[in-house]
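Summary of the model geometry
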Amino acid sequence: MSNSLLALVLSDTPAMPDMAALAKALRARHPELATEVAENGDAQQAQANSPLIRCGNELVAVMSMPAPIPDDPGLWSRASTTWPQAKAAAARHRGHLIVSVLGQNQRPLPAARLTTAAIGALIATVPECCAVVWNGKVARSADLWLDMSSRSFAPYPDYPSSLWVDILPFRSKTGIGAVTMGLSAFAEREIEFETTS
């Protein structure tokens, strides 16, 4: 069974990415990443029609879906605490792209970094993109992803982890606290802490 991370890139209108342009943008944004781009006309056309792009030894799939994602009011309510336009972006999108590193037994951090880099290049080449839903749990604006994904391969502790994990504050009868959302993809559990003052 695959444990790959899955990202949904929401778009205002259904969009089909040009995979050759995506590979070129990925190479420009991350020159350290060996990205395969077709060289001649026939191969370039085949590459443009394929939903796969080779990045080093990994394959990244990008699939276009001409429909909105299912509504998740909790997701958009959480997102709106730091992104006030989240619910509007969710309401207006009409298509989405599924992005994931292919393969079984992917290590979460390298897969997250590669997927994040690919999403940044996708947003750079598809102007209709308006939001990204990471692993079904965290939603962020396309603009934030475009900016922060440039640090996909930054050394620790500069990972763009706020794209992958939410830290949600809460108030209870006995005090205040916070809980993570999305950390379980990396650490197999979420963390919750609560204070009594």
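Residues numbered from 1 in each chain as written. Predicted model: local features only at pLDDT ≥ 70, side-chain atom pairs only at ≥ 80, totals over all residues. Heavy atoms only, no water.

Observations regarding the pairing of strand E6 (residues 138-141)
Residues of E6 alternate between two faces, with Val138 and Arg140 on one and Ala139 and Ser141 on the opposite face, all of them buried. Joining the antiparallel neighbours strand E5 (residues 129-134) and E6 is a turn of 3 residues, in which Asn135 adopts a positive phi near 55 degrees. (Buried < 20%, exposed > 50% of the residue type's maximum accessible area, 1.4 Å probe, protein only. Helix = DSSP H or I, 4+ residues; strand = E, 2+ residues; numbered from the N terminus. Pairing = 2+ DSSP bridges.)

A word on the side chain of Thr116
With respect to the helices, strands and loops of the structure, Thr116 is situated in helix H5 (residues 108-125). Overall, the relative accessible area of 0% leaves Thr116 in the buried class. Those residues in contact with Thr116 that lie beyond four places of it in its chain are Trp134, Trp145, Ser149, Ser152, Pro160, Leu163 and Trp164. (Contact = heavy atoms within 4.5 Å.)

Considerations on the environment of Asp18
Topologically, Asp18 is positioned in the loop between strand E1 (7-11) and helix H1 (19-29). Take Asp18: its relative accessible area is 42%, and that puts it in the partly exposed class.

Digging into the packing of H1 against H5
For the pair H1 and H5, the least separation of the axes is 8 Å and the interaxial angle reads 120 degrees. Viewed along their axes, H1 and H5 form a crossing whose handedness is right-handed. Contacts between H1 and H5 pair Ala21, Leu22, Ala25, Leu26 and Arg29 from the former with Ala117, Ala118, Gly120, Ala121, Leu122, Ala124 and Thr125 from the latter. Partitioned by chemical class, the residues of the contact of H1 with H5 number 9 nonpolar, 2 polar and 1 charged. (Axes fitted to C-alpha atoms, helices over the stretch in contact; angles between N-to-C directions. Left-handed = near helix turned anticlockwise from the far one by under 90°. Nonpolar A, V, L, I, M, F, W, Y, C, P; charged D, E, K, R; others polar.)

Some words on empty space enclosed by the protein
With the rule as written, the count across this model stands at 1 cavity of 30 Å³ or more. In this structure, the largest cavity occupies an estimated 30 Å³ of space. Around the largest cavity, the lining residues are Trp134, Asn135, Lys137, Trp164, Gly182, Ser184 and Ala185. Looking at the lining of the largest cavity, its residues break down into 3 nonpolar, 3 polar and 1 charged. (1 Å grid on protein atoms, 1.4 Å probe; cavity = no way out; pocket = protein on both sides within 12 Å on 5 of 7 lines; lining within 4 Å. Points joined across faces, edges and corners; volume = space filled by probe spheres on them.)

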